[in-house]
Amino acid sequence: MASSNAYAQRDPMLKKRDDFEDILEERRNSSDLRYALKCYTPALYKGVAPCKSSMLKSMVLQSDQLHYVIQQVSKETGRQTDNVQEEVSAILDEMAHSLQLSTVRFFAFTLSKIFKSLFKSIRVNEEGIQRLQQAIQDHPVVLLPSHRSYMDFLLMSYLLYTYDLTLPVIAAGMDFMGMKFVGEMFRMSGAFFIRRSFGGNKLYWAVFSEYVKTMLKNGFAPVEFFLEGTRSRTSKSLIPKLGLLNIVMDPFLKGEVFDVHVVPVSISYERILEETLYARELLGIPKPKESTSGLFKARKVLSEDYGSIHVYFGQPVSVRSLAEGRVNRCQFNLVPRHIPGRPDEDIHSFVNDSAYKLVRAQEDNMVLKPWVLLASLLLQKQAVGQEQGTALDELTAQAVWLRDLSRQYGAFLHWPDQMTPSEVVSSSLSLHRGLVRTCEGKVQLALEHEGGAVGPQSAAALEEKLLSQAVIVLSCASYRNQALHVFLRPALLASAIHAASSNQKQEVFNSFSFLRNMFSNEFILCPGATVQDFEEACYLLVKTGTLQVTQKEVLVNERGHRTLAFLVSMLDPFLQGYQVVCRFLCEEATETLTEKQFIPAIRKFIIKHLLAGRLRYAEVLSSDLQKNSLAAFLRLGAVEKIKGVDQETLKVNAAMVNSLEDTLGGKLPTQKAVVARL
Amino acid sequence: MYGCSNLMYCISEHAPHSSLQEIMKWNGWGYSDTKFLFNKKGQAEFTGKRYKLSGMIIPALKEWMEGTFGTNMQHKSLATPALTRTAVQPPTLNEAFVEELKSTGVPFSHDAEDRVFRAHGHCLHEIFALREGKVGRVPDLVVWPNCHNDVVKIVELACKHNVCLIPYGGGTSVSSALECPQEETRSIVSVDTSQMNRILWIDEKNLTAHMEAGIVGQDLERLLNESGYCTGHEPDSMEFSSLGGWVATRASGMKKNIYGNIEDLVIHVKMVTPQGVVEKSCQGPRMSTGPDIHHFIMGSEGTLGVVTEVTMKIRPMPEYQKYGSVVFPNFEQGVACLREVARQRCAPASIRLMDNEQFKFGHALKPQVSSMFTSFLEGLKKFYITKFKGFDPDCLCVATLLFEGNREKVLQHEKQVYDIAAKFGGLAAGEDNGQRGYMLTFVIAYLRDLGMDYYVIGESFETSVPWDRVLDICRNVKARIIRECKDKGVQFQPFSTCRVTQTYDAGACVYFYFAFNYRGLSDPVHMFEEVEHAAREEILANGGSLSHHHGVGKLRKAWMRETVSDVGMGMLKSVKDYVDPNNIFGNGNLL
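Residues numbered from 1 in each chain as written. Chains lettered and ligands numbered in written order. Predicted model: local features only at pLDDT ≥ 70, side-chain atom pairs only at ≥ 80, totals over all residues. Heavy atoms only, no water.

## Points about the overall build of chain A
Rule in force here: Each helix is a run of H or I in the DSSP string that is no shorter than four residues. Each strand is a run of E no shorter than two, and both are numbered from the N terminus. In this setup the radius of gyration rests on C-alpha atoms only. A globule is expected at 2.2 Å times the number of residues raised to 0.38. When a residue's accessible area, from a 1.4 Å probe over protein chains only, is under 20% of the maximum for its type it is buried; when over 50% it is exposed; and in between it is partly exposed.
In terms of regular secondary structure, chain A is built from 27 helices and 16 strands. For chain A, the C-alpha radius of gyration of 26 Å lies close to 26 Å, the compact-globule estimate for 678 residues. C-alpha extents for chain A along the principal axes are approximately 70 × 65 × 60 Å. Counting all 678 residues of chain A, 55% fall into the buried class.

Laid out in structure tokens, this is it:
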């Protein structure tokens, strides 16, 4: 078969990954104080001496880029250049980090204490560290950790300090600045602060991008930021934000550096500190504003067991090789490089594709715990209404089945092979005892409150009960979501087969393509890779004996039904969720519905449906899903934003929404005209 | 021997034998009597008598080579000593053309050596093949026109009999311009202009001179000097390259800051094309008469016709010359200084900045010092710069300078430049260093042949680039070369270095050198070409031009379209189509 080679390259089983070392082990056996005061002499980029933050500021202030923008702003607004210059200075002061080794040492000490009490172990792939060390010496480096917890960036700096690597400077959201003391501490440990939104502010953008580029170009320190922009509350990877990635790629594209190496880092928590906090937030119980006192209240969390953390430093990705054959750098030859310009379409799509690649690299190296599989299974069971729970041994058997399946799909599963499966299962369950309950050998989600009241209840009480159950469901879903990327493509195919009216390959592909398009705000699906994803899904399902794919047809094997059913159920909450959103848009959306009102309104609608038993999945209450679906409908043109007198309203194209709903529900075949042919 | 009917018995008709061919290498650079070698004591030595360095021992070269390339004196890769005539394909002759050519009395030859000598320039792959005794497609015939009218006759005959003509001047091309196109099925005739080497007149009132285009640079300067004049056009190849070649490739000379590049020097050109002779009707110093037809001729690289006569500006010989040099703590400072010099428009006749690797290389080429005193002085200088001034020997770089003109003004000028240099941390490093730098320019070309004896292959190439990109392009291209070599399995890190050789108002000319040890590689030339290609891609991606003065030839023509745009390409093509519809000048360069 001619294409067998192409398949082989994608075969996830062939992926080789490094081993992990526990860094807490040494912390438990030697003095934290000595560790915090250890001699710290990181290897530097081409021997460049690190740069004082005051010096960095003046380099930025004196840059051609800023000069140009200051002149421009002064011309446009009629302000004195001195005045603009002062504003620039102020922005820079607000933004700039002021890394101090003493603060880092303070953190090294306190974090050692905290980490030891919270976590069993912090495991790091040391080969990745070695690769990083080499990269830091040879090229400007950008660190791209996944973002699941506030802990992430402290943890990253802690690790780099531990391994004697140059400490990164970290792009942090301004919300931290609310916490005066902590904000300054973070600043002194290398964070620099960016306003959350500065859309039209040319000056701010110029200062910000020049600040980042100056650090990067001169190789003073690795620049670290979160490609996902914010913490994922659902543990699904978020659609990457391109702003900072654009900035860090720019020096390469304009020839100011030979190359930039981007290092995706996957941080997987066995138990997320913010677990229920996130669930509440998704349910619309507002997020407490970050405040120092709030942080201290969070001390309660310190007394619990959060299992272990795995940190995988991925293969450094050379921006130069990413750009090879993709970007014609000559396009920058005709305009002075210090004049800011909007990136061309091809640059934009290059950065976008790279961002997706990098997020997928993060996903690929996420370590999955057995609990993730258990959560997937338990959620599916709960949804079909197994009130009395699943027998422990049955659950164990299913977990083993799923373990093998997920490994075949290339999951980076950390399943302790030295333990028996039932030991693995029960230890996972006990770590997450807040979410599951084992009662008389049967396991189920911990949904019922003690003495679950019988009899009539007020509507408010019912709603409250529903929401508290939803907290548990969403928490569990966040663990299942960790494994979503493993099953996503096969699950899309399984759902497509399920929805397609025949087993004609083209028909299945059309259906696959429809679903993939529909969910591209929900999951990480690289733009333009539909055929590739379809082939990958086919390959995996054929390899595991689920399907037979011929030239014309897609056939389900007898023994493939179980896998298929599992995969379909994996995606079902999302399918149902999007359909409910369609229902809402058709039935309840009024002329005056604004984007702001959308979430509360649809939440009400969904609660109604859940209480009436018309909807099985409490996780549809997640505002994440609701926002993503709205974004998808906007993208597809089923909903339009209409500029009103004082605010934007949402205009629903009812016919289109209806037809999307029917197609999602498998009632309508996917139109061939709108999708690419296989 | 006229009327000889069997061509195979009549190899040449009055082939002139005073030509450079006899005293030059057939498979390497320059004069046969001049080369680098390791003598019996294992010391490097430069043979011959022609250069200042000739006959001297160069003690540090061996160690430098071993350290830079990992070469080993035991591992040699020597060239085939002589051309095997059987390796040369018998000529494809157009008998009717040859018959008529005879009647014109223009000398010609189809001797294998004559043909092979004119079948190549000095690209690495060309020399490498010759050293291995490999000969590809070569011209079938060489003709030696003696004057403009001879050329007119030759071109007429070529058109009549559909023969392909390739003009040949000094043979110093480094763009594959002289390579015969593989696909050419017609008889190829090399038009060697070396006999057209006279200065026809000197006009002292207007300070111009009219020359035949075959005159070689060093002869032109020598002859003009006898009358107290010079052109001031001194490309590094001036010992061998010809006036016609300069015009055809848009050449640039070392002292362009005073005298200008070829386009600034040329007043009038006569070129013989298949459509007839093209020239202007007067010698006005500047004209507004539509696009300048000289600009179709300059850079046409032998694709339109043969340049036969040129009128050039001349200047009185400079009263005073002074070399100089400046040491900078690092390359960045050096470039900043050159930029400032250009901004103030006070560049000396020549100013060149070598990077650290080249600085070290220059050091390795220092001849044995004759006295204890000079060696003591050297040591003192070194101590002063590295210890007292704190320059890092692995970062510092050096600029060489040449001032020319009226003595007083030269000294004034010199002070101005040194003052600027001082602002960028530059320290004056003496005349000797400067002079040696320029002398090395002529000698360095011989060094490649030595390298090739020891499995080292290398090349230089150039570009021009805006000032703000100079540092970036230098860094990136050097790094690209190193990375490409590594990716392609070169064991020893290549020698990858550069220098800024010319300054302009808006940018600079940058020269790159790269060389590596190819022992253990199965197809070194192919690999070399891939690296060179990648380096050129990198140059273009960093805002550099396709060429500053080497030209496009066949080596770089793949990039022409993106360089001049589709329409630009169409413009050039339409000129070619009109001037030479049957592609008589079929060397395949440029387009």
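Read on, since the account is not over.
## Some remarks on the overall build of chain B
Which entries qualify depends on this criterion: A contact between two residues is defined here by any heavy atoms of the two lying within 4.5 Å. Note on areas: these come from Shrake-Rupley sampling with a 1.4 Å probe, and a residue is covered only by the protein chains present in the view. Charge counting follows a simple rule: Lys and Arg are positive, Asp and Glu are negative, and His as well as the terminal groups are ignored. Here the site of a charge means NZ on Lys, CZ on Arg, CG on Asp, or CD on Glu.
On a plain count of helices and strands, chain B comes out with 18 helices and 22 strands. Projected onto the principal axes, the alpha-carbon positions of chain B cover approximately 75 × 60 × 50 Å. Relative to all contacts within chain B whose residues are 6 or more apart in sequence, the contacts with residues 24 or more apart total 77%. Accessible surface computed for chain B: about 24,600 Å², of which carbon and sulfur atoms make up 53%. Chain B carries 63 positive and 69 negative side-chain charges, and their two centres are separated by 5 Å.

## Digging into the sheet that holds strand β9 (residues 199-203) of chain B
All names here are of chain B. Formally: Only strands that DSSP links by at least two bridges are regarded as paired with each other. For helices, the fitted axis covers only the stretch in contact; all axes are lines through C-alpha atoms, and the angles between them, taken along N-to-C directions, range from 0 to 180 degrees.
Within the open sheet, the 5 strands sit side by side as β9-β10-β14-β12-β13. Their pairing is antiparallel. Edge positions in the open sheet fall to β9 and β13 (276-278), since each of these has one partner strand only. On average, each strand axis in the sheet is tilted by 10° relative to the strand beside it, whichever way the strands run. Where strand β12 (residues 266-273) and β13 come together, 3 bridges link them in antiparallel fashion.

## Quick look at the sheet that holds strand β11 (residues 436-439) of chain A
All names here are of chain A. Spatial strand order, β10-β12-β11: 3 strands in an open sheet with antiparallel pairing. Edge positions in the sheet fall to β10 (390-391) and β11, since each of these pairs with one other strand and no more. The pairing of β10 with strand β12 (residues 442-445) spans 2 bridges and is antiparallel. Paired with A391 across the bridge in β12 is K442. Along the sheet, helix α17 (residues 370-383) contacts β10, β11 and β12; its crossing angle with β12, the most-contacted strand, is approximately 85°.

## Description of the pairing of strand β8 (residues 308-313) of chain A
All names here are of chain A. In terms of burial, β8 is a largely internal element, 6 of the 6 residues being buried. The alternating pattern of β8 places S308, H310 and Y312 and I309, V311 and F313 on opposite faces, both of which are buried. Both strand β2 (residues 121-124) and β8 contribute to a ladder of 4 bridges, which runs parallel. Looking at the pairing, S121 lines up with S308 of β8. Relative to β8, strand β7 (residues 261-269) runs antiparallel, the two sharing 5 bridges.

## Quick look at the pairing of strand β20 (residues 456-466) of chain B
Residues and elements named next belong to chain B. Within β20, 8 of the 11 residues are buried, which leaves the element mostly enclosed by the surrounding structure. Where β20 lies against strand β22 (residues 507-517), 11 bridges are found, and the strand directions are antiparallel. Paired with I457 across the bridge in β22 is F516.

## Some words on the UniProt feature "active site" (unreviewed entry) in chain B
Residues and elements named next belong to chain B. What counts is decided by this rule: UniProt positions are given in the numbering used here, feature names are shortened, and annotations may be inferred rather than shown by experiment.
The UniProt record annotates "active site" (unreviewed entry) at Y511. Examined against the element boundaries, Y511 turns out to sit in strand β22. In this structure Y511 comes out as buried when scored by relative accessible area, which is 9%. In this view, Y511 contacts S460, F461, E462, T497, C498, R499, T501, H549 and H550; residues no more than four positions away in its chain are not counted.

## Considerations on a nonpolar patch on the surface
All names here are of chain B. Rules: Patches here: salt-bridge-free residues with over 30% relative accessible area, like charges joined within 9 Å, nonpolar side chains (Val, Leu, Ile, Met, Phe, Trp, Tyr) joined within 5 Å. Each salt bridge in this description consists of a side-chain nitrogen of Lys or Arg and a carboxyl oxygen of Asp or Glu lying within 4 Å of one another.
Where nonpolar side chains cluster on the molecular surface, the patch consists of V567, M571 and L572 and spans about 290 Å² of accessible area. Tracing the backbone shows L572 in helix α18 (residues 560-579). The exposure class of L572 is partly exposed, given its relative accessible area of 31%.

## Thoughts on the side chain of K270 of chain B
Structurally, K270 of chain B is set in strand β12. Look past the residues within four positions of K270 of chain B in its chain and what remains in contact with it is H148, V277, V278, E279, V306, V307, T308 and E309 of chain B.

## Section: the packing of helix α4 (residues 53-61) of chain A against helix α6 (residues 81-95) of chain A
All names here are of chain A. Definition in use: Here a crossing is taken to be left-handed if its near helix is turned anticlockwise relative to the far helix by less than a right angle, and right-handed if that turn runs clockwise.
Their axes nearest at 11 Å, the elements α4 and α6 cross at an angle of 145°. The two elements α4 and α6 cross, and the hand of that crossing is right-handed. Side by side, α4 and α6 meet where K57, V60 and L61 of the first sit next to Q85, V88, S89, L92 and D93 of the second.

## Here we look at the packing of helix α11 (residues 331-343) of chain B against helix α16 (residues 470-487) of chain B
All names here are of chain B. Put simply, the rule is: Residue classes follow a fixed rule: Ala, Val, Leu, Ile, Met, Phe, Trp, Tyr, Cys and Pro count as nonpolar, while Asp, Glu, Lys and Arg count as charged, and any other residue, Gly among them, counts as polar.
The geometry of α11 relative to α16 is characterised by a closest axis approach of 10 Å and an angle of 140° between their N-to-C directions. As α11 packs across α16, the resulting crossing turns out to be right-handed. In this structure, α11 contributes F331, E332 and V335 to the contact, and α16 contributes V470, L471 and C474. Its residues assigned to classes, the contact of α11 with α16 shows 5 nonpolar, no polar and 1 charged.

## Considering the environment of L207 of chain B
Residues and elements named next belong to chain B. Within the secondary structure, L207 is located in the loop between β9 and β10 (208-212). C-alpha separation for the pair L207 and V106, spaced 101 residues apart in sequence, amounts to 33 Å. Beyond its immediate stretch of four places on either side in the chain, L207 contacts Y229, M312, K313, I314, R315 and P316.

## As for the interface of chain A and chain B
Using the following cut-off: Defined in terms of a 1.4 Å probe, buried area is the accessible area two parts forfeit on being brought together, summed over both. Here a polar contact is taken to be a pair of N or O atoms separated by no more than 3.5 Å, where protein atoms must pair a possible hydrogen donor with a possible acceptor and residues adjacent in sequence count only if both atoms sit in side chains.
Across the contact, 14 residues belong to chain A and 14 residues belong to chain B. Of the roughly 1,200 Å² buried where chain A meets chain B, counting both sides, 36% is carbon and sulfur surface. Scanning the region where chain A abuts chain B turns up 4 salt bridges. For the pair chain A and chain B, the number of links is 11 residue pairs in polar contact (both at pLDDT 80 or more). Its residues placed into classes, the side of chain A that touches chain B shows 4 nonpolar, 3 polar and 7 charged.

## What about unusual backbone geometry?
Residues and elements named next belong to chain A. For D164, which is not glycine, the phi torsion reads 60° and is therefore positive. By secondary structure assignment, the location of D164 is in the loop between α9 (151-162) and β4 (169-173). Note on D164: relative accessible area 22%, which makes it partly exposed. Backbone geometry at E440 places phi at a positive 50°, although glycine is not the residue there. Counting through the fold element by element, E440 comes out in the loop between β11 and β12.

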